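So the chains spell out like this:
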Amino acid sequence: MAKNLRKHSSDRLPIVYEDQWVIVVDKPAGLLSMSTGGEGETTAYSILTEYVRSQSGGRIFIVHRLDRETSGLLLFAKDYQTKELLQQNWNEIVLERKYIALLEGRIESEEGWIETWLRDNPKSMSVSCMEINPRDDEQRMNALGWKYASSHCRKISEMEIDARIYTMVEFELETGRKNQIRVHSRWIGHPVAGDKKYEALTNPLGRLALHAQTLSFVHPHTGKTMTFTSRLPKGFHR
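Below or above, wherever it landed, is the structure these notes cover. (Residues numbered from 1 in each chain as written. Predicted model: local features only at pLDDT ≥ 70, side-chain atom pairs only at ≥ 80, totals over all residues. Heavy atoms only, no water.)

Digging into empty space enclosed by the protein
Applying the stated rule across the entire model yields one cavity of 30 Å³ or more. Approximately 50 Å³ is the volume found for the largest cavity. Taken together, His 64, Leu 73, Arg 97, Tyr 99, Ala 212, Thr 214 and Leu 215 form the lining of the largest cavity. By residue number, the principal contributor to the lining of the largest cavity is strand E11 (residues 210-218), which donates three residues. (1 Å grid on protein atoms, 1.4 Å probe; cavity = no way out; pocket = protein on both sides within 12 Å on 5 of 7 lines; lining within 4 Å. Points joined across faces, edges and corners; volume = space filled by probe spheres on them. Helix = DSSP H or I, 4+ residues; strand = E, 2+ residues; numbered from the N terminus.)

Take a look at the structure:
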């Protein structure tokens, strides 16, 4: 059963799992994973830092992040060694990362792969997308700042909201680039609803319609496979 943390009366961060090495939380939309540098920002990291200090005097270490408006499962380490084990062996340790997104428009394909080059643009705070050419040299592309990105997508259902059609899609990440699902969704012409940054025209849920639903990984110390699933937030079901 998840535990609820409260830093202030309005802050809630359910703990899905905790042991001496890791904490898995279910981050709500609107909460930063970590600070952007603003004074007094409340983040998942700051809430957990206060919680762990109050429990054991320990520390919290960030392993990966979710965008502020993305909800769902987020993994933290409770010591530096565990953080390093997770980050340095991320592709081997993480077995499954699935997201649910509500995309604008009707998607006919039931299943498929999206493969592109992505490049982070720190000045514009956005990510660019480019088609892969079979003649591209990955080493050269990486030197230019482009990284290979691959997403598997599966259509779940369609729904109508305010006379507009949306498609619920499950994304499974082969790579974990910044804004990957959001950029890939725009690339195929169906932005994530509520994603004004990547050209969405509507916002039916009043938030970015993206949720990190499933996280499965091999525990870096016990070797056990740990699998967690987060319930879809209100609004994703109609």
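Regarding the environment of Glu 174
Counting through the fold element by element, Glu 174 comes out in the loop between strand E10 (164-173) and helix H5 (180-187). Looking at Glu 174, the relative accessible area reads 46%, which means it is partly exposed. Here the alpha-carbon distance between Glu 174 and Trp 113, two residues 61 residues apart in the chain, equals 9.9 Å. Not counting residues within four places of it along the chain, the set of residues in contact with Glu 174 comprises Trp 113, Tyr 148 and Ser 150. At 2.9 Å, the side chain of Glu 174 and the side chain of Ser 150 are in polar contact. (Buried < 20%, exposed > 50% of the residue type's maximum accessible area, 1.4 Å probe, protein only. Contact = heavy atoms within 4.5 Å. Polar contact = N/O pair within 3.5 Å; in protein donor to acceptor, adjacent residues only side chain to side chain.)

Digging into the layout of surface pockets
It is the rolling of a water-molecule-sized probe over the atoms that shows where space remains empty. Its volume calculated, the largest pocket comes out at about 890 Å³. As for the largest pocket, its lining consists of 28 residues, and the residues nearest its centre are Arg 65, Leu 66, Asp 67, Lys 178 and Asn 179. At the level of secondary structure, the elements contributing two or more residues to the lining of the largest pocket comprise strand E6 (94-104) and H5. Residue classes in the lining of the largest pocket are distributed as ten nonpolar, nine polar and nine charged. Of the voids in this model, the second largest pocket is the one considered here, and its volume is about 330 Å³. Counting only elements with at least two residues in the lining of the second largest pocket, the list comes to helix H3 (90-93), E6 and E10. Top element by residues in the lining of the second largest pocket is E6. It accounts for four residues. (Nonpolar A, V, L, I, M, F, W, Y, C, P; charged D, E, K, R; others polar.)

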